[in-house]
Amino acid sequence: MIVSFLILSSLMRLSVCDDLDYDTESYNLTIRMPDAVSEKPDSLLCHAVRIDPRESYIVSYIPHATADVAHHMMVFGCGGIANYEEPYWACSENYKNPETLVCDGGQKQVVFAWALDAPSFQFPKGVGLRVGGTTGINYIVIQLHYKEKFSPGRSDNSGVTLQMTRTRQPKQAGFYVIGTSGYIPPKHLAFPMETACEYTNDYPIYPIGYRTHSHNLGVVTSGYRIRDGRWTELGRMSPQLPETFYNVTNLVEVKHGDVLAARCTMNSMKRDRDTNIGPTNSDEMCNFYVLYYTYWQPNLEAQFCFRDAQTFHWNDYFENIPGTASSLVGISGAEKVIEMFDLNSRLPEEVEQLQETM
Ligand SMILES: *[C@@H]1O[C@H](CO)[C@@H](O)[C@H](O)[C@H]1NC(C)=O
Ligand SMILES: *[C@@H]1O[C@H](CO)[C@@H](O)[C@H](O)[C@H]1NC(C)=O
């Protein structure tokens, strides 16, 4: 009886070892806020870890955070960090004070983003985001946007587990960021900010996810691939809804000669001044992040396509612009956005397309 138990347990141990040997290059990196204390509502706090200097791939993210504590968690890759002294720091992105930046010098790369009440996002099998090695990413920084000032004695350990492997993945993940510069004049129901760039790399990319980002004026943001005059929607979301990565609407290839385009539709009815594109909450942003994979193996850097919203207009370059580019149709949670901008009680033409068939 005892003998057979021993044999069984050693067999079990063997099979466990076999599993581990199968891919000894895999490991988990868990990063948690070190008992962080939010000292005011809406505080942004950062914590950094230095990563293994060898080349590694992030293959999945497991968030440890809840929506009742934080609005969102961002994960950044940095060459260096802005604040070496403190276990965590207020990273408010005030460029006048370098101590408050996420990365040293401000050169940060988004590695991932969650809104904490949104579903999490998985990379497809065989896709990894390369860090360490020769990528220039030596640190991972987590940034928590806390909801409230904590009551005395309370602290937080939110964070993320990155499932990593040192085994080179056949497909690497990357980001292509589409956006505009410029400003939004006051008292517009649906001011369009548009951008588009030809994709000029020799290697194709395959968008898998997208994320929209604006501050208070963004109603809906849409992104497209244009090939031979035909528009294919990559994503369409209200930046007032959880700003996380969503699956693309259509899985398509983007190759040399295609165009990537985005439009942010902004509502400035409550503003009596111009609102500039800029980093603070009283400024605006118009961003559409494309998360893609590619078979191209050299290191990837984030690519950018930015146009001046005052001078660049889709109409001057393209035909067949989709009628739904400023529409909330089909977006789950759109009712909240309509209410937020008081779109129901106003019926000018501008807004019709926002509400079409709602
Ligand atoms: C990493 O953590 C996940 C979730 O807890 C677990 O399923 C997985 O086996 C872990 N991987 C390693 C290499 O420890
Ligand atoms: C996103 O796509 C993946 C893979 O195609 C799928 O497994 C997952 O369920 C999708 N997520 C949502 C929220 O639709």
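Just so you know, these numbers come straight off a predicted model, no measurement behind them. (Residues numbered from 1 in each chain as written. Chains lettered and ligands numbered in written order. Predicted model: local features only at pLDDT ≥ 70, side-chain atom pairs only at ≥ 80, totals over all residues. Heavy atoms only, no water.)

A.B. asks: How do you make sense of the sheet that holds strand β5 (residues 89-90) when you look at a structure like this?
C.D. replies: Where strands meet in a sheet, backbone hydrogen bonds hold them as pairs that are either parallel or antiparallel. Strand order across the open sheet formed by 5 strands is β5-β2-β8-β4-β6, with antiparallel pairing between neighbours. Looking along the sheet, the strands with just one partner apiece sit at the ends: β5 and β6 (108-115). Here strand β2 (residues 44-50) pairs with strand β8 (residues 139-146) via 7 bridges, running antiparallel. Counterpart to L45 in the pairing with β8 is L144. (Pairing = 2+ DSSP bridges. Helix = DSSP H or I, 4+ residues; strand = E, 2+ residues; numbered from the N terminus.)

A.B. asks: Please explain the nonpolar core as it appears in this structure.
C.D. replies: The tendency in soluble globular proteins is for nonpolar side chains to be buried as a group. Core analysis: the largest hydrophobic core is formed by 53 residues, its most contacted members being Y61 and F123. Within the second largest apolar cluster, 29 residues are counted, among which are I178, L234, M237 and V290. (Core = buried A, V, L, I, M, F, W, Y, C linked by side-chain atoms within 4.5 Å. Buried < 20%, exposed > 50% of the residue type's maximum accessible area, 1.4 Å probe, protein only.)

A.B. asks: Help me understand the UniProt feature "binding site: Cu(2+)" (unreviewed entry) in the chain, please; the structure alone is not making it clear to me.
C.D. replies: Within this structure's numbering, the places UniProt gives as "binding site: Cu(2+)" (unreviewed entry) are H71, H72, H145, H213, H215 and M285. The topology assignment puts H145 in strand β8. Discounting residues that sit within four places of it in the chain, H145 has contacts with D42, S43, L44, A70, H71 and H72. By secondary structure assignment, the location of H213 is in strand β13 (residues 206-213). Judged by its relative accessible area of 15%, H213 falls in the buried class. Ignoring sequence-local partners within four residues, the contact set of H213 consists of P239, E243, M285, C286, N287 and Y289. A distance of 2.6 Å separates polar atoms of two side chains, one belonging to H213 and the other to E243. (UniProt positions renumbered as here; feature names shortened; annotations may be inferred. Contact = heavy atoms within 4.5 Å. Polar contact = N/O pair within 3.5 Å; in protein donor to acceptor, adjacent residues only side chain to side chain.)

A.B. asks: Is there a simple way to think about the pattern of salt bridges in this case?
C.D. replies: Close approach of charged atoms allows side chains of opposite charge to pair. Here the structure, examined in full by the defined rule, presents 9 salt bridges. The partner of E55 in a salt bridge is R130, and the shortest N-O contact between them spans 3.7 Å. You can see E55 sitting in the loop between β2 and β3 (56-64) and its partner R130 sitting in strand β7 (residues 127-131), a full 75 residues away along the chain. The exposure class assigned to E55 is partly exposed, which follows from its relative accessible area of 22%. Given the relative accessible area of 6%, R130 is considered buried. It is possible to trace a salt-bridge network through shared partners that takes in D52, R54 and R166. (Salt bridge = Lys/Arg side-chain N within 4 Å of Asp/Glu carboxyl O.)

A.B. asks: How do you make sense of the pairing of β7 when you look at a structure like this?
C.D. replies: Along a regular strand, successive side chains alternate from one face of the sheet to the other. Most of β7 sits out of view: 5 of its 5 residues are buried. Burial along β7 is two-sided: V127, L129 and V131 facing one way and G128 and R130 facing the other are all buried. Inspection of the sheet shows β7 paired to strand β10 (residues 171-181) by 2 bridges, in the parallel sense. Bridge pairing links G128 to Q172 in β10.

A.B. asks: Mind showing me how you'd approach the packing of aromatic side chains here?
C.D. replies: In this structure the tally under the stated criterion is 23 aromatic pairs. With a centroid separation of 5.7 Å and an interplanar angle of 85°, the aromatic rings of W231 and F318 are classed as edge-to-face. Of this pair, W231 sits in strand β15 (residues 230-237) while F318 sits in the loop between β20 (303-308) and α2 (334-340), and the two are 87 residues apart along the sequence. Here W231 falls in the buried class, since its relative accessible area comes to 14%. Given the relative accessible area of 17%, F318 is considered buried. Each member of the aromatic cluster is reached from another via a ring pair, and the members are Y61, F112, W114, F123, F175 and F245. Between K171 and the ring centre of Y293, over which it is positioned, the NZ or CZ distance is 4.9 Å. (Phe/Tyr/Trp six-rings, centres within 6.5 Å; stacked < 30°, edge-to-face > 60°. Lys NZ or Arg CZ within 6 Å of the ring centre and 35° of its normal.)

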